[in-house]
Amino acid sequence: MTRDDALQLDAQDPLAPLHELFQLPEGKIYLDGNSLGALPKATAERVRRAIEQEWGSDLIESWNKAGWIDAPRRLGDKLAPLVGARTGEVLVADSTSINLYKVLHAALSLQQGQRKKVVSERSNFPTDLYIADSVVRAHGGELVLVDTPDEIPAHLDERCAVLMLTHVHYRTGRMHDMALLTRWAQQAGALTIWDLAHSAGAVPVDLLGSAADFAVGCGYKYLNGGPGAPAFVWVHPRHHGLSYQPLSGWLGHAQPFAFSPFYQPAAGIQQYQCGTPAVLAMTALESGLEVFEQAQKLGGMAALRSKSLALTQLFMDEVEARVPQARIVTPKESAQRGSQVSLALNGDLSGAAYAVMQALIARGVVGDFRAGDPRRLEAEPHLLRFGFTPLYTRFADAFDAVTQLADILATEAWRAPEFQKQNKVT
Ligand SMILES: *Cc1c(COP(=O)(O)O)cnc(C)c1O
């Protein structure tokens, strides 16, 4: 493939107009939308209006007049079609970590103490494991961590309460078969919790079709809600009114403005709200979600998925053809791949991944670095991570990123001292 071929793919791309909806700095190839999504152009104006008009002028009236109070549900409704949920089923609130705490407690309480084992992957995103560890301690349960996905079925037994997985793995980009694993878990009497941090807005998700039990996910990655944007939570309607989340704040009450001294949970997903929403952050996320309404007109998640697969395929093909020093860690089978590609460096270069990423960033190709497990670097190497957000990434971006990577490795430009210093956020 040549650069002209990549430009040709961009010229034929039906989703190309969406690129214009984002403010992307000239000369930068942004491949980190899986960590912090780019800024939609409409967001600054929306947030300015929320500050100056809604807050500055209308003040407290905006809770009703601007619909601040309904934002968690309104945003949830905008998000619902992206994850295969229906109107009224998704709530936007708090962070992914906090929502995970809520649903883990809820799921364990549904098992009524009969089953206490929570099964997850050792390489799951650490916050998921830390929260699960805390919750199983409170329930007197046990957290069982598998090293590879094929070990999961053996742990789906009569003691298993919850199977808690991240749908698309944050390190490798490997995607689980949600419907299949949910079925296996439920056949064993377990409930499922899916973390959609790297799925929502990146790959089609069908929570209802998979009959999943609970899901949480992130607002600042592929949903482009801005740094620290609120997260979301979904609970299958069959558990509404039966499962209880422990953060029983006033806005999850059936009648918050009755100011009753007694807690009575709201019906449905509303119970999963705890306190007052961060309205300015919600405003930015709402603008991010509205980009998907534009995308819907151009084919929606199905079109985004096919572009995402084409982008990651192009990137992997070019790496294989032009970067002999790297190997692809992400599954090559499209059904098992999310919207990112992770690379490890071969042999003596394996420890240079951080410096190589710094050198790439200095040249305007922004991905990130994820440290491997020092005790088992063979199985979990240091990674160069590249996220492909189909809303705004172009085929030429994927092509050019490989050109820079190949050059940095061939010239050993990464050896420069300024690339060796480790930052706080990698
Ligand atoms: C990004 C991410 C999180 C982030 O959690 P926060 O509470 O927003 O910090 C959680 N889980 C997974 C799998 C993630 O990828």
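Treat the numbers as computed from the prediction; the structure is a model and nothing was measured.

Structural notes on the UniProt feature "modified residue: N6-(pyridoxal phosphate)lysine" (unreviewed entry) in the protein chain
Sequence positions flagged by UniProt for "modified residue: N6-(pyridoxal phosphate)lysine" (unreviewed entry) are, in local numbering, Lys221. Mapped onto the fold, Lys221 is located in the loop between strand E9 (214-217) and strand E10 (232-235). Other than its neighbours up to four places away in sequence, Lys221 contacts Gly33, Asn34, Ser35, Gly37, Ala197 and His198.

Structural notes on the domain arrangement of the protein chain
When cut into domains, the protein chain gives domain 1 (3-30 + 301-419) and domain 2 (45-295). Each of domain 1 and domain 2 has a C-alpha centre, and these two points are 29 Å apart. Facing 30 residues of domain 1, the contacting portion of domain 2 comprises 22 residues. For the pair domain 1 and domain 2, the summed buried area comes to about 2,100 Å², and 63% of that belongs to carbon and sulfur atoms. Three residues, Met301, Gln340 and Leu391, lead the burial of domain 1 against domain 2; their summed loss comes to 25% of the area buried on that side. Taken together, the links from domain 1 to domain 2 amount to one salt bridge. Joining domain 1 to domain 2, the criterion identifies ten residue pairs in polar contact (both at pLDDT 80 or more). Of all the elements in the fold, those that place two or more residues in the side of domain 1 that touches domain 2 are helix H11 (300-322), strand E12 (340-345) and strand E15 (383-387).

A few points about a nonpolar patch on the surface
A cluster of nonpolar side chains, contributed by Ile51, Trp55, Leu59, Ile60 and Leu280, occupies part of the molecular surface with about 500 Å² of accessible area. Inspection of the secondary structure assignment puts Leu59 in the loop between helix H2 (41-57) and helix H3 (62-65).

Thoughts on the sheet that holds strand E14 (residues 368-370)
The antiparallel open sheet is built from four strands, whose spatial order is E11-E12-E15-E14. If you trace the sheet from one side to the other, it starts and ends with strand E11 (326-328) and E14, each paired once. Taking the axes of each pair of neighbouring strands and ignoring which way they run, one obtains an average angle of 35° across the sheet. Here E14 pairs with E15 via three bridges, running antiparallel. From the neighbouring strand, Arg370 faces E15, where its bridge partner is Leu383. Across the sheet, H11 lies against E11, E12 and E15, angled at about 20° from E12, the strand it touches most.

Examining the site of the ligand
In the vicinity of the ligand, the residues found are Ser95, Thr96, Ser97, Phe125, Thr127, Asp128, Thr166, Asp195, Ala197, His198, Tyr220 and Lys221. Separating an oxygen atom of the ligand from a side-chain N or O atom of Tyr220 is a distance of 2.7 Å. Taken by itself the ligand offers 390 Å² of open surface, and the protein chains cover 87% of this. Of the residues belonging to the shell around the ligand, the class tally is three nonpolar, six polar and three charged.

Some points on unusual backbone geometry
In this model, Asp94 sits at a positive phi of 55°, which is unusual for a non-glycine residue. Along the chain, the position of Asp94 falls in the loop between strand E4 (90-92) and helix H5 (96-110). The exposure class of Asp94 is partly exposed, given its relative accessible area of 31%. The phi dihedral of Phe259 is positive, around 50°, even though this residue is not glycine. Turning to its location among the elements, Phe259 is positioned in the loop between E10 and helix H10 (279-297).

Description of the pattern of salt bridges
Opposite charge on two side chains permits them to pair, given that their charged atoms come into close proximity. In this structure the tally under the stated criterion is 30 salt bridges. Notably, a salt bridge pairs Asp368 with Arg385, separated by 2.7 Å at the nearest N-O pair. Of the two residues, Asp368 sits in strand E14 while Arg385 sits in strand E15, which places them 17 residues apart along the sequence. A residue is classified by how much of its surface remains accessible, and Asp368, at 2% relative accessible area, is buried. Its salt-bridge partner being Glu380, residue Arg376 comes within 3.0 Å of it at the nearest N-O pair. Accessibility expressed as a relative area gives 27% for Arg376, which makes it partly exposed.

The rules behind each value
Starting afresh in each chain, residues are numbered from 1 along the sequence in its written order. Two thresholds apply to this predicted model, a pLDDT of at least 70 for residue-level local features and 80 or more for giving and counting side-chain atom pairs, whereas whole-chain, interface and lining totals are computed over all residues. The basis for every side-chain value is the complete set of non-hydrogen atoms in the structure, without hydrogens or water. UniProt positions are given in the numbering used here, feature names are shortened, and annotations may be inferred rather than shown by experiment. Every helix listed is a DSSP run of H or I at least four residues long, and every strand listed is a run of E at least two residues long, numbered separately from the N terminus. What makes two residues a contact is simply this: any of their non-hydrogen atoms within 4.5 Å. These domain boundaries are the output of an automatic or database domain assignment. The buried area of a pairing is the accessible area, by a 1.4 Å probe, that goes missing from both parts when the two are put together, added over both. Just to be clear on terms, a salt bridge is a Lys or Arg side-chain nitrogen sitting within 4 Å of an Asp or Glu carboxyl oxygen. Polar contact is defined as a pair of N or O atoms within 3.5 Å, subject to the rule that within protein one atom must be able to donate a hydrogen and the other to accept it, and that residues adjacent in sequence are counted only when both atoms are side-chain atoms. Patch membership is restricted to residues that have no salt bridge and whose relative accessible area is over 30%. Joining uses 9 Å for like charges and 5 Å for the nonpolar side chains Val, Leu, Ile, Met, Phe, Trp and Tyr. Values of accessible area rely on a 1.4 Å probe in the Shrake-Rupley scheme; residue burial ignores everything except the protein chains shown. Here a strand pair is declared whenever DSSP counts at least two bridges between the two strands. Axis definition: a line fit to C-alpha positions, over the contact stretch in the case of helices; interaxial angles, taken between N-to-C directions, run 0 to 180 degrees. Here a residue counts as near a molecule or strand whenever at least one of its heavy atoms sits within 4 Å of it. Three classes are used: nonpolar for Ala, Val, Leu, Ile, Met, Phe, Trp, Tyr, Cys and Pro, charged for Asp, Glu, Lys and Arg, and polar for all others, with Gly counted as polar. Whether a residue is buried, partly exposed or exposed follows from its accessible area with a 1.4 Å probe, protein chains only, as a fraction of its type maximum: under 20%, in between, or over 50%, in that order.

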